[in-house]
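Understanding the architecture of this molecule
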Amino acid sequence: SICFMFDITNHKLIKMKNILMLFTLFFGISVVAQNIVNITYYEIPRENSAEFLRSHQKFTDLSMSENRLILGAGVFAHVHADNYTYVSYEFYNSVADIEKDGAIASKALKANVDALKLSEEEKKEFSTEYANYSRIIYYNHSDQMRMANPKMEWNFDKVDWTKKKITTLSKFKIKDGMQNQFFKTWEKGEFKNKKESGFVEAMTGSWHLYGDGSHIHVYTFFNNWDSFASFEKASDYEVTKNLGENDKKFWSTVDSHEDEILMFIGGIDQTTRKFYFAK
């Protein structure tokens, strides 16, 4: 989340410096050239989920300033598969910006809270809420960083992100040395089919950089459940039929694969720099 770099988790910044050095050595300029996605998974008890989201919105807004390096952010509710409750995606120009942005966010939070001129009683209430929110983040989350892959993106910038989206997330671990064949066959098969289906609103994808995650993530966005169901029905999977040659080549590159269903529920408005909930 926006607040994951505040004081309660500053120990992560020490490790981040070493990560940055490794990325610079192994990836060089290519890492800086692509948007870096910082992903945080939250395991929130259902009875605390609404409280968590309200606090997330509040502290996200209070941590914003014109100096922030974050480019954008989105939050998804988990619907099916895996075991987390929410996941946040934060976009930066580089890994270095993620490290720098923590101190900027912390400074902005202090300045914005001071500007509220809270009474002593209000300060106590605020501190309690922030401590509860931070405690949830600290004990109930996991992270990974990924690099956005523009070659996997379609129609992403044209989507109305004020609306909720049904999102499928496909995760692939690729066999060694078969990355090129994976992308060629994926582009010729799944990518092409989804673009031409008439039901898919947008797609995007990412490479794994750091943390526990699959090599490739593929995100497919639908306007609503009806569009998702219509796409699945139109796909008409028939497990008794032999795969086509392109599909055979595609699946021969995959070491393991799993799918999830998410719902986009909100993010940071690019104009106001405030967190909003999608309708």
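Structure report, in brief. Along each chain, numbering runs from 1 in the same order as the chain's sequence is written. Only residues with pLDDT of 70 or above have their local features reported here, since the model is predicted, and side-chain atom pairs are shown and tallied only from 80 upward, although totals for entire chains, interfaces and linings are computed over all residues. Only hydrogens and water are set aside; all other atoms, that is, all heavy atoms of the structure, feed into the side-chain values.

1. Section: the pattern of salt bridges
One side-chain nitrogen of Lys or Arg within 4 Å of one carboxyl oxygen of Asp or Glu is enough to make a salt bridge. As enumerated under the stated definition, the model contains 9 salt bridges in all. Between Lys-58 and Glu-129 there is a salt bridge, with its nearest N and O atoms 2.8 Å apart. In this pair, Lys-58 is assigned in helix 3 (residues 49-62) and Glu-129 in helix 5 (residues 120-139), connecting sequence segments 71 residues apart. Relative accessibility decides the category of a residue: with a 1.4 Å probe and only protein chains considered, values under 20% of the type maximum give buried, values over 50% give exposed, and everything between is partly exposed. Residue Lys-58 is classed as partly exposed on the basis of its relative accessible area, which comes to 32%. The closest approach of N and O atoms between Lys-123 and Glu-120, which form a salt bridge, is 3.7 Å. Note that Lys-123 and Glu-120 are positioned in helix 5 at a spacing of 3 residues, about one turn of the helix. Looking at Glu-120, the relative accessible area reads 55%, which means it is exposed. In DSSP terms, a helix is any run of H or I states spanning at least four residues, a strand is any run of E spanning at least two, and both are numbered starting from the N terminus.

2. A few points about the layout of surface pockets
Counted as a void, the largest pocket has a volume near 990 Å³. Listing elements by their share of the lining of the largest pocket, those giving two or more residues are strand 5 (165-174), helix 6 (179-196), strand 7 (216-222), helix 7 (225-235), helix 8 (245-251) and strand 8 (254-268). Here the lining of the largest pocket takes 6 residues from helix 6, the largest share from any one element. Partitioned by chemical class, the residues of the lining of the largest pocket number 11 nonpolar, 12 polar and 9 charged. Put plainly, a pocket is an open set of points on a 1 Å grid over the protein atoms alone with protein on both sides within 12 Å along at least five of seven lines, a cavity is a set where a 1.4 Å probe fits but cannot get out, and a lining residue has an atom within 4 Å of a point. As for the second largest pocket, its lining consists of 30 residues, of which Phe-91, Phe-156, Asp-157, Trp-161 and Gln-270 are closest to the centre. Of all the elements in the fold, those that place two or more residues in the lining of the second largest pocket are strand 1 (36-42), strand 2 (72-80), strand 3 (86-92), strand 4 (141-148), strand 6 (202-211), strand 7 and strand 8. Grid points are joined across faces, edges and corners, and a volume is the space filled by probe spheres set on the points. Basically, the charged four are Asp, Glu, Lys and Arg, the nonpolar ten are Ala, Val, Leu, Ile, Met, Phe, Trp, Tyr, Cys and Pro, and anything else, Gly included, counts as polar.

3. Things to note about the environment of Phe-264
In this fold, Phe-264 is placed in strand 8. The exposure class of Phe-264 is buried, given its relative accessible area of 4%. Distance in space between the C-alpha atoms of Phe-264 and Val-75 is 6.1 Å, their sequence separation being 189 residues. Dropping the residues within four chain positions of it, Phe-264 is found in contact with Gly-74, Val-75, Phe-76, Trp-161, Lys-163, Lys-164, Lys-165, Thr-167, Tyr-276 and Ala-278. Contact between two residues is taken to exist if any of their heavy atoms lie within 4.5 Å; hydrogens are not considered.

4. Re helix 7
Among the residues of helix 7, those classed as buried are Ser-227, Phe-228 and Phe-231. Projected down its long axis, helix 7 shows its buried positions confined to an angular sector of 100 degrees, all on one face. In this structure, helix 7 carries Asp-226 and Lys-233 as exposed residues pointing more than 90 degrees from its buried face. Elements that come into contact with the buried residues of helix 7 comprise strand 5, helix 6, strand 7 and strand 8. If you check the start of helix 7, you find a side-chain oxygen 3.2 Å away from the backbone N of Asp-226, and it comes from Asn-224. Read the arc as the range of directions from the helix axis to the C-beta atoms. We call two N or O atoms a polar contact when they sit within 3.5 Å, provided that within protein one can donate a hydrogen and the other can accept it, with sequence-adjacent residues counted only if both atoms are side-chain atoms.

Function-wise, these values are silent; they only describe arrangement.
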